[in-house]
Amino acid sequence: MRQLLQGGISECRNKSLQLMFQMIGGGEKAGSGIDKIRQGWASQHWRFPAIREQTQPDRVWLVLPIVSMLPGQSLEKLRELFGTPFDGLNQEEVQALVTAELEGEVSNRRMKEFCDRHPSDLTKMLQGLVRRHFYPQ
């Protein structure tokens, strides 16, 4: 997962599909696909793609949600659930709660996909939300 997000190493999983896209001018061998996908999603203010891995058998899923980073319906539901204290949260705390509400969970790894904070800072932020009883039910 880390290698995928860092880039620099391209490993084609389906050479026939890659060749087909190259022949129609829609593909390359640069290994920049995930970056282009993430940039496209960011330009639309959609939730970042989620990457799920499985071993035995080896599988990787790329979930491409066409959902706003902060959907109004989720914000409304969270404001109703938490009341005025919700309005005192910072942007990353709100993003964590929206992620938990939409995806059923939130983790340090998932938050790292949304922001550039150090993992230990994200852990402290998530623990602080739990300590203050901010968790969607």
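Quick notes on the rules
Residues numbered from 1 in each chain as written. Predicted model: local features only at pLDDT ≥ 70, side-chain atom pairs only at ≥ 80, totals over all residues. Heavy atoms only, no water. Helix = DSSP H or I, 4+ residues; strand = E, 2+ residues; numbered from the N terminus. Buried < 20%, exposed > 50% of the residue type's maximum accessible area, 1.4 Å probe, protein only. Contact = heavy atoms within 4.5 Å. Areas by Shrake-Rupley, 256 points an atom, 1.4 Å probe, with all protein chains shown as cover. Core = buried A, V, L, I, M, F, W, Y, C linked by side-chain atoms within 4.5 Å. Pairing = 2+ DSSP bridges. Expected span 1.5 Å × (residues − 1).

Undergrad: What is the right way to look at the overall build of the protein chain in this model?
TA: Across its full length, the protein chain carries seven helices and two strands. Tracing the protein chain from N to C terminus, the helices and strands come up as α-α-α-β-β-α-α-α-α. Counting all 137 residues of the protein chain, 27% fall into the buried class. Partitioning the contacts of the protein chain with sequence separation of at least 6, the portion at a separation of at least 24 is 45%. Surface accessibility of the protein chain: about 9,500 Å² in total, with carbon and sulfur atoms responsible for 52%.

Undergrad: What's the story with the nonpolar core in this structure? I'm lost.
TA: Judged by nonpolar contacts, the single largest core of 19 residues is most densely connected at F86, L89, L97, M111 and L129. Of all the elements in the fold, those that place two or more residues in this core are α4 (72–82), α5 (91–103) and α7 (119–131). Once residues within four sequence positions are removed from consideration, L97 is found in contact with L78, F82, F86, L89, L129, F134, Y135 and P136.

Undergrad: Mind showing me how you'd approach the pairing of strand β1 (residues 50–54) here?
TA: Every regular strand shows the same layout, with side chains that alternate between the two sheet faces. Two strands pair when backbone bridges link them, and β1 and strand β2 (residues 59–63) are joined in this way by five bridges, in the antiparallel orientation. The residue bridging I51 from the neighbouring strand is L62, located in β2. Two successive antiparallel strands, β1 and β2, enclose a turn made up of four residues, where Q56 displays a positive phi of approximately 55°.

Undergrad: Honestly, α5 in this entry has me stumped. Any pointers?
TA: An α-helical turn contains 3.6 residues, so any two residues separated by three or four positions project in the same direction. Compared with an ideal rise of 1.5 Å per residue, which puts 13 residues at 18 Å, α5 spans 18 Å between its outermost C-alpha atoms and is within 8% of the ideal. When we look at burial in α5, the residues that qualify are E93, V94, Q95, A96, L97, V98, T99 and A100. Its buried side turned inward, α5 meets α4, α6 (108–112) and α7. Just past α5, the residue G104 takes up positive phi, approximately 85°.

Undergrad: Please clarify how unusual backbone geometry should be interpreted in this entry.
TA: The general pattern is negative phi for most residues beyond glycine and trans for most peptide bonds. Cis geometry is adopted by the peptide bond preceding P57, which originates at Q56 and carries an omega value of 0°. Its place among the elements puts P57 in the loop between β1 and β2. For Q56, which is not glycine, the phi dihedral falls at a positive 55°. Considering the arrangement of structural elements, one finds Q56 in the loop between β1 and β2. Residue classification places Q56 among the exposed residues on the basis of a relative accessible area of 76%. Even without being a glycine, H133 presents a positive backbone phi close to 65°. If you trace the backbone, H133 turns up in the segment after α7.

Interpretation note: all reported values are geometric properties and have no functional meaning in isolation.
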